[in-house]
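Residue strings, one per chain:
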Amino acid sequence: MSTIFLKNARIVDGTAPEPTAPQGVVIEGDSIREVSATARAPEGAAVIDLAGKVLMPGLIDAHVHVVAVEASLARNATLPDSLVMARSIRLMGEMLMRGFTTVRDVGGADHGQVVAEQEGLFPAPRLVISGKALSQSGGHCDFRGPFDNAPSPFEGRLGALGRLCDGVPELRRAARQEIKGGARFIKIMANGGVASPTDPIHFLGFSREEIGAAVEEARNAGTYVSAHLYTDEAIRRAVECGVHSLEHCNLIRPETARLAAEQGAIAVPTLVTYDKLAEEGEALGIGAEAVGKVDHVRLAGMDSLRIMQEAGLPMAYGSDLLGPMHRHQSEEFVIRGRVLPAQAVIASATAVAARLCRMEGRIGVVAPGALADLIVVDGDPLRDLSLLTGQGRHLSLIMKGGRVMKRA
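A brief look at the structure comes next. Everything numeric in this text was worked out from a predicted model, so none of it was measured. (Residues numbered from 1 in each chain as written. Predicted model: local features only at pLDDT ≥ 70, side-chain atom pairs only at ≥ 80, totals over all residues. Heavy atoms only, no water.)

1. Quick notes on the packing of helix H6 (residues 232–240) against helix H7 (residues 254–262)
Between H6 and H7, the least distance of the axes is 10 Å, while the angle of their chain directions is 20°. Judged by the angle between their axes, H6 and H7 are roughly parallel. Considering the relative orientation of H6 and H7, their crossing is left-handed. Residues Asp232, Ile235, Arg236, Val239 and Glu240 of H6 form the contact with H7, whose participating residues are Glu255, Thr256, Leu259 and Ala260. (Axes fitted to C-alpha atoms, helices over the stretch in contact; angles between N-to-C directions. Helix = DSSP H or I, 4+ residues; strand = E, 2+ residues; numbered from the N terminus. Parallel < 35°, antiparallel > 145°, perpendicular 65-115°, else oblique. Left-handed = near helix turned anticlockwise from the far one by under 90°. Contact = heavy atoms within 4.5 Å.)

2. Observations regarding the pairing of strand E12 (residues 225–231)
The buried count for E12 comes to 7 of 7 residues, which makes it a mostly enclosed element. Bridge count between strand E11 (residues 186–189) and E12: 4 bridges; the pairing is parallel. Residue pairing across strands places Ile186 opposite Val225, the latter belonging to E12. Once the chain exits E11 it traverses helix H5 (residues 208–220) before rejoining the sheet at E12, and the crossover so formed is right-handed. By the bridge criterion, 5 bridges tie E12 to strand E13 (residues 245–251) in an arrangement that is parallel. For Ser226, the partnering residue across the bridge sits in E13 and is Ser245. Read as a crossover between parallel neighbours, the route from E12 over H6 to E13 is right-handed. (Buried < 20%, exposed > 50% of the residue type's maximum accessible area, 1.4 Å probe, protein only. Pairing = 2+ DSSP bridges. Right-handed = clockwise from strand over helix to strand, strands pointing away.)

3. Comments concerning the packing of aromatic side chains
Taken as a whole and assessed by the stated rule, the structure comprises 5 aromatic pairs. Pairing Phe100 with Tyr317 gives two aromatic rings, centres 5.7 Å apart and planes at 40°, and the pair type is tilted. With Phe100 in strand E7 (residues 100–105) and Tyr317 in the loop between helix H10 (301–311) and helix H11 (331–337), this pair connects stretches of sequence that are 217 residues apart. Like Tyr317, Phe100 is buried. (Phe/Tyr/Trp six-rings, centres within 6.5 Å; stacked < 30°, edge-to-face > 60°.)

4. Description of the environment of Val67
Relative to the helices and strands, Val67 is located in the loop between strand E6 (59–64) and helix H1 (73–76). Residue classification places Val67 among the buried residues on the basis of a relative accessible area of 0%. With residues near it in sequence (within four places) discarded, Val67 still touches Asn76, Val84, Ser88, Asp105, Gly108, Ala109, Gln113, Leu158 and Leu161.

5. Considerations on unusual backbone geometry
Only a minority of non-glycine residues have a phi that is not negative, and only a minority of peptide bonds are not trans. Located in the positive-phi region is Cys249, a residue other than glycine, with phi close to 65°. On the secondary structure map, Cys249 appears in strand E13. In this structure, Gln391 is a non-glycine residue whose phi angle is positive, near 55°. Of note, Gln391 is situated in the loop between strand E15 (374–377) and strand E16 (395–400).

6. A look at empty space enclosed by the protein
A complete count under the given rule lists 2 cavities of 30 Å³ or more for this structure. Taken as a whole, the largest cavity encloses approximately 210 Å³ of empty space. As for the largest cavity, its lining consists of 19 residues, of which His65, Leu73, His140, Ala195 and Asp320 are closest to the centre. Looking at the lining of the largest cavity, the elements that each hand over two or more residues are E11, E12 and helix H8 (271–280). The dominant element in the lining of the largest cavity, judged by the number of residues it contributes, is H8, at 3 residues. Looking at the second largest cavity, its volume works out to about 30 Å³. If you go around the second largest cavity, the residues you meet are Gln136, Gly138, Gly139, Asn191, Gly192, Asp199, Phe203, Leu204 and Gly205. In terms of residue class, the lining of the second largest cavity is made up of 2 nonpolar, 6 polar and 1 charged. (1 Å grid on protein atoms, 1.4 Å probe; cavity = no way out; pocket = protein on both sides within 12 Å on 5 of 7 lines; lining within 4 Å. Points joined across faces, edges and corners; volume = space filled by probe spheres on them. Nonpolar A, V, L, I, M, F, W, Y, C, P; charged D, E, K, R; others polar.)

7. Some words on H7
Listed in full, the buried residues belonging to H7 are Thr256, Ala257, Leu259 and Ala260. Burial along H7 is one-sided: seen end-on, the buried residues are contained in an arc of 160°. Residues Glu255 and Glu262 are exposed on H7 and point more than 90 degrees away from its buried face. Its buried side turned inward, H7 meets H6, E13 and H10. (Arc of directions from axis to C-beta.)

8. Observations regarding the layout of surface pockets
Approximately 400 Å³ is the volume found for the largest pocket. Glu117, Gln118, Glu119, Arg126 and Lys400 are the residues nearest the centre of the largest pocket, which is lined by 21 residues in total. Mapped by element, the contributors of at least two residues to the lining of the largest pocket are helix H3 (111–118), strand E8 (126–129) and strand E17 (403–407). Here the residues of the lining of the largest pocket sort into 9 nonpolar, 5 polar and 7 charged. In this structure, the second largest pocket encloses a volume near 240 Å³. Taken together, 18 residues make up the lining of the second largest pocket; nearest its centre are Ala77, Cys141, Phe143, Ser152 and Phe154. Elements with a contribution of two residues or more to the lining of the second largest pocket: H1 and strand E10 (162–164). Grouping the amino acids of the lining of the second largest pocket by side-chain chemistry returns 12 nonpolar, 2 polar and 4 charged.

Okay, structure coming up:
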C-alpha cells in the first residue's frame, strides 16, 4: 500500500472564504488518513511540497452526459455502441484532466461503463449514473419528428440519452429496470427542452401521477428522482410531487425556490451549456428550431442564481455540455462567479455535489476517511475562479483514489 505525504497544504473546499493555514495530509492507499497542522510524513512516504499552491478536493460535475459524443442528440443515438464507447472514453479522460474526479451522469451512461471505470481500464472520473432518462412520448428524449409515431429504433443504443414510457405502469417498469441495471437515482424529463424537436420549453412532461410513481419507485429503492426542469410551474409541480434534484431551473421564481429549499431539494443550474449552444450549436448540427429555444432560458439563467441563493436553495455544479462543447466544462465556474461568491461556487462542485451523489464524507472534502480524490491549484481559486479553467492548465497535481493521474 503506497503512502504519500502532502506538506504545506493550504486547503480550499468551499467551507471558508480563505484557504486554511498550511496542513499536512497523509494519504494511505486510496484514502486520506490524517489532515492536521502537526501531521508528519510516515517513514517511506513519498513527500510532495505544496508551498505556494492550494489543495482542493477533486471537483464534481453533477450534470453530465458522458455518452453525448455528438452535439446532435438525435444523431448521437444512431451511432454504433462501439464508437460511442470509444469516444466516451476520450471524453471522460479529458474531464479527469480538468480536475473532475467524479461526475454524475443524468441520462445515457450504463453500468458497464461504471464497471470499466472501477476496474481502471481507462482514466476516467468516478461515475454516478441514472441509466437512461425517462421521457413521455413527445418529450425531451423523443427525437422522432412531428409526423413519426413509429416505435423508436434507438432506445437500446448506448448513444441514446433516454427512453420513452407513457402511463404509470410503463413508467414504473422503466424505473425498476433502470434501478435493476445499476442506476443510482432516476432521471425524468418533466419539462420541454432545447435539444428536442416537438416540446417547447413551456410543455409539462408527465402527469402528476406519473411523477409520483417515479418518486415512489425511487424511494422504494432508497434513492431519489432528478428532473429536467425550466419553468416555474414545472419546478413547483415536481417539488410538490417529491422530486429531489432539480436540473437547470432557469425560470424559477422566489416563492418556488423557497418551497424547494423547505423540502430539502437541491438545484443543479447548467448555464455554460446555453452560452455554447447559442454560439456553436447550429454549426455543430443542432437544428435551428432547437437553437431558437436557447435564448428563452439562457437570458434568465443569471437571475435564477440570485433567486436560488437568496432562497437558501443549495446548488450543485453542472455543465450539461454536448459533443465538442464539452471542452467548456470548467467555464461554469467563471459564469457563476459573476453572481455568486467564489466560496459558494466552489462548494457547489465539492460538498453540495457530494451530497447529491450520496457520497458525503467520501468525496468533495479533504478529511480523514475521505477518498484521496485531490487536485492542486497553482494559485488561489477563491481569488480567481479562472484558475479552474483552461483544460487543467493550472492544476499541477490530480489524484484519484490515491493514484497520481497528473503531476506537472
